[in-house]
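Here is how the chains run, residue by residue.
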Amino acid sequence: MTISRLALIAAAAAAAAAMSLAPASAREAAQASKEETQVTAHKSAPTSPPIAEKREHSYTRHGITISDPYDWLYDKSYPQVDDKDVLAYLEAENAWFEANMAARKDFTEALFTEMRARIKEDDSTVPQKDGDFLYWSEFEEGAQYRKHYRKPVAGGEAQLILDENALAEGFEYFRLGAFSISRNGRYLAYATDTNGSERYVGRIKDLETGELLPDEIPNLRSGLTWVMNDSALVYGPSTEEWRTLEAKLHVIGTPVEDDVTLYEEKDESFGVGAGLSAQEDWLIIATGDNETSEVRLVPADDPTAEPILVKPRAKGVEYEVDVRDGELFILTNDEHVNFRLARARLDNPGEWETVIAGSSDFYLTDFELFRDFLVTEGRLDGLDQIQLRSYDAIGEAQPIAFGEASYVAGLSNNPEYDQSKLRLSYESMVTPATVYDYDVASGSLELLKQQEIPSGYDAARYVTERLTIEARDGTMVPVSVVMRKDRAEILKEQGIEGPGPLHLYAYGAYGYAVPPGFSTTRLSLVDRGFAYAIAHIRGGDDLGRRWYLQGKLFERTNTFNDFVDAGRGLIAKGYTAEGMVTASGGSAGGELMGAIVNQDPGQYGAIVAHVPFVDVLNTMLNKDLPLTPGEWQEWGNPIEDKQAFAYILSYSPYDQVKAQDYPPMLVTAGLNDPRVTYWEPAKWVARLRDTKTDDNVLLLKTNMGAGHGGKSGRWNSLYETAEEFAFILWQMGMAPKTGEKQGG
């Protein structure tokens, strides 16, 4: 679901504040250090796992002493990673991963081919009008990345305006960040990351001549917003600590050293983002952390003017602002946890009048202003809602109805202020991604495109359900499930009687609600007899803002308990059985994986933890890491707060590893990951190897040239998913018998 321009501004500020952990770029150093190691490593085909050396290290906080013998895996010259012992250990783990997966290589390739066959290779987005042009992007057959096109609305030839494949050539990693067309349609400002560090470089292309302007903006962290009649850009640079504390103005054709700071944030836990109002006449500069925000307005044609502060920050109060005809619209949680919509006069911006009151039933998540109407988005009983409202009667909502009982829906790309049709996105766990135009006057939906699955897909063969399962404290946790209608027959063909395997997924942090949407890759499990479930646990905001608050700070363990209890509930309901639940999660969801295997390892047959945030206590104690200052509002500040120290220690997966049997596990990391540093999964795996009492497989794969999201490019990324599923199916005894399972 695409969020509005307003939410993007707020998200940029929040993401900048929550930005974690600077990157490392050390592929050459990694290669040079292979011959030196202080771990048990094997250069080719190792027959036993690497055992990381223990080095005495401890620290004392609040009278509590913590032993951390794997602290040495944190290269203290970070973000430069050149410690030969560290790099050798990561290479040894990679060799162990390759040795274990070698016997599954043919199966992995088969899964990859199967997954790729479900993807339309020469696919394109639906063109959308913006000014005098229609814009869209395309994948060519076999290509890893997109090409971006436009053509005049009045007619004419399509123009290739940006080729990501050409930009990616010669790089192991590539990602396109900001992509911003000037209002006059002449210039394209875009940003690229070529090592996974999330430090982007901004460039400007003249679309009339096809030439790149000499302007180059390095160390870009957020946004490229056109102002001053397309003569300048506003952007967010990165500090050395990977924080975004400024909104800067770059005038085209001037040295970047001369760029003017429009706003500078003094609180290092906050992050800054910027964007334009609905009518593009105001530049909105937002700053905030995970629970507090503050907004300033300056004229877009005079961005160096004195900014208008909408309302001073107040701890725990979040707000977003847009402007229409000089009137402010404000989404805020100041009076109700589920937010209200208010308005104010530009000459008195801090005096807010409610136009949509907060509700315990309806969670108001976003709004977008158009010329003749506004749109509000939210969730009712956890299901997405899109509502049209007139400016004369804002309290009266015209909802857009959808047919399925469980789905994902939202505004898509609607770049123009004057819209008579709204572009919408829609999908469910059985309905592929669908694009609609909603005619505002008639209230009718026009189907523009539905995701095509070349190898074939019949939705009638699948069933989706939405359950509620009681957690240990009596809270009812929603769970979305999809499976084949003939699941029992599929399992019987594989010799599995009774309940079959079930894969359980969740995230559970930062108020992110995992949508019950469609996935082509998921079919590789479901078509083999898996049920696939999403647990809508606390920590996300699936059931409203309070649902999120009940999974953070001193209620964080609700998240882990909800997930464990959801799995137990699915076992009790007969969807699966003890030891047949597989689970996965990434980043904060990887922290979830670490916590649930410490708590209830016997439930799971296999675990995949992607870039897991598992060394929580040590990271929250390290104020010099980009993650830490902005994250204290989410996890607590163990530096100053003894209670927070003790509480984080009680669940931090790395600190709570114990002498017990653990399920088979695959763990991933990225050497250039700026959000969860490589040493978190590395330390965790090292401690698990030393402590666990089983001989189940434990694998660590570190991408030495990528970051938080793994490898870039649609096929490279897809292959990593095939590896993940090959591991899961192998551990569940559902992979071809091409090799013996190795321990460690």
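Everything numeric here is computed off the predicted structure, so don't read it as measured data.

> Just give me the short version of the packing of helix 3 (residues 84–101) against helix 14 (residues 679–691), but keep the residues and values in it.
Their axes nearest at 12 Å, the elements helix 3 and helix 14 cross at an angle of 65 degrees. Classified by the angle between their axes, helix 3 and helix 14 sit roughly perpendicular to one another. Between helix 3 and helix 14 lies a crossing of left-handed hand. On helix 14, the residues that touch Tyr 89, Leu 90, Glu 93 and Trp 96 of helix 3 are Ala 682, Val 685, Ala 686 and Arg 689. A per-class count over the contact of helix 3 with helix 14 returns six nonpolar, no polar and two charged.

> Tell me about the side chain of Asn 598, and name the residues and values.
With respect to the element layout, Asn 598 can be found in helix 10 (residues 588–599). Excluding residues that lie within four positions of it along the chain, Asn 598 makes contacts with Pro 653, Gln 656, Val 657, Lys 658, Gln 660 and Tyr 662.

> Go over the pattern of salt bridges, please, and point to the residues and values.
Under the definition given, this model contains 50 salt bridges. Here Asp 71 and Lys 76 are joined by a salt bridge, their closest N and O atoms 3.0 Å apart. Using a relative accessible area of 51% as the deciding quantity, one classes Lys 76 as exposed. With its nearest N and O atoms 2.7 Å apart, the salt bridge here joins Arg 423 to Asp 437. Of the two residues, Arg 423 sits in strand 27 (residues 421–427) while Asp 437 sits in strand 28 (residues 434–439), which places them 14 residues apart along the sequence. When sorted by exposure, Arg 423 lands in the same class as Asp 437, which is buried. Through salt bridges with shared partners, a single ionic network connects Glu 265, Glu 294, Arg 296 and Arg 313.

> I'd like to hear about the sheet that holds strand 15 (residues 282–288), residue by residue, with values.
Overall, antiparallel pairing links the four strands, which are arranged 14-15-16-17 in an open sheet. Both edges of this open sheet fall to strand 14 (271–276) and strand 17 (308–309), since each of them pairs with a single strand only. With seven bridges connecting them, strand 15 and strand 16 (residues 293–299) associate as antiparallel partners. Opposite Ala 286, over in strand 16, you have Val 295 as the bridge partner.

> An account of the nonpolar core is requested, with residue identities and associated values reported.
For soluble globular proteins, the rule of thumb is that nonpolar side chains tend to be buried together. Within the largest apolar cluster, 123 residues are counted, with the highest numbers of intra-cluster contacts made by Tyr 89, Phe 563, Leu 570, Ile 596, Trp 684 and Leu 699. At ten residues, helix 15 (residues 714–731) tops the list of elements feeding residues into this core. Apart from the residues within four sequence positions on either side, Trp 684 is in contact with Gly 594, Val 597, Ala 609, Pro 612, Val 614, Pro 653, Tyr 654, Val 657, Met 665 and Val 667. Of all hydrophobic cores here, the second largest spans 17 residues; its members include Phe 370, Leu 422, Leu 424 and Tyr 438.

> How would you explain the pairing of strand 1 (residues 58–61) if you had to name every residue and give the values?
For strand 1 and strand 2 (residues 64–67), the ladder comprises four bridges, and the chain directions are antiparallel. Following the sheet pairing, Arg 61 is matched in strand 2 by Ile 64. The turn linking strand 1 back onto strand 2 is made up of two residues, and His 62 within it adopts a positive phi angle of 55 degrees.

> Got a sec to walk through the packing of aromatic side chains? Specific residues and values, please.
Tallying each qualifying case throughout the model produces 24 aromatic pairs. With a centroid separation of 6.0 Å and an interplanar angle of 25 degrees, the aromatic rings of Tyr 187 and Trp 226 are classed as stacked. With Tyr 187 in strand 8 (residues 187–193) and Trp 226 in strand 10 (residues 212–227), this pair connects stretches of sequence that are 39 residues apart. The pair Tyr 187 / Trp 226 is uniform in exposure class, with both members buried. Each ring, one from Tyr 647 and one from Tyr 651, has its centre 5.6 Å from the other, and the planes form 75 degrees; the classification is edge-to-face. Taken together, the residues Tyr 647 and Tyr 651, both in helix 13 (residues 642–651) and four residues apart, mark about one turn of the helix. Classification of Tyr 647 as buried rests on a relative accessible area of 17%. Judged by relative accessible area, which is 5%, Tyr 651 ranks as buried. Above the plane of the ring of Tyr 462 lies Arg 484, whose end atom (NZ or CZ) is 5.7 Å from the centre. The ring of Tyr 532 is capped by Arg 522, whose NZ or CZ atom sits 4.6 Å from the centre of that ring.

Rules behind the numbers
Residues numbered from 1 in each chain as written. Predicted model: local features only at pLDDT ≥ 70, side-chain atom pairs only at ≥ 80, totals over all residues. Heavy atoms only, no water. Axes fitted to C-alpha atoms, helices over the stretch in contact; angles between N-to-C directions. Helix = DSSP H or I, 4+ residues; strand = E, 2+ residues; numbered from the N terminus. Parallel < 35°, antiparallel > 145°, perpendicular 65-115°, else oblique. Left-handed = near helix turned anticlockwise from the far one by under 90°. Contact = heavy atoms within 4.5 Å. Nonpolar A, V, L, I, M, F, W, Y, C, P; charged D, E, K, R; others polar. Salt bridge = Lys/Arg side-chain N within 4 Å of Asp/Glu carboxyl O. Buried < 20%, exposed > 50% of the residue type's maximum accessible area, 1.4 Å probe, protein only. Pairing = 2+ DSSP bridges. Core = buried A, V, L, I, M, F, W, Y, C linked by side-chain atoms within 4.5 Å. Phe/Tyr/Trp six-rings, centres within 6.5 Å; stacked < 30°, edge-to-face > 60°. Lys NZ or Arg CZ within 6 Å of the ring centre and 35° of its normal.

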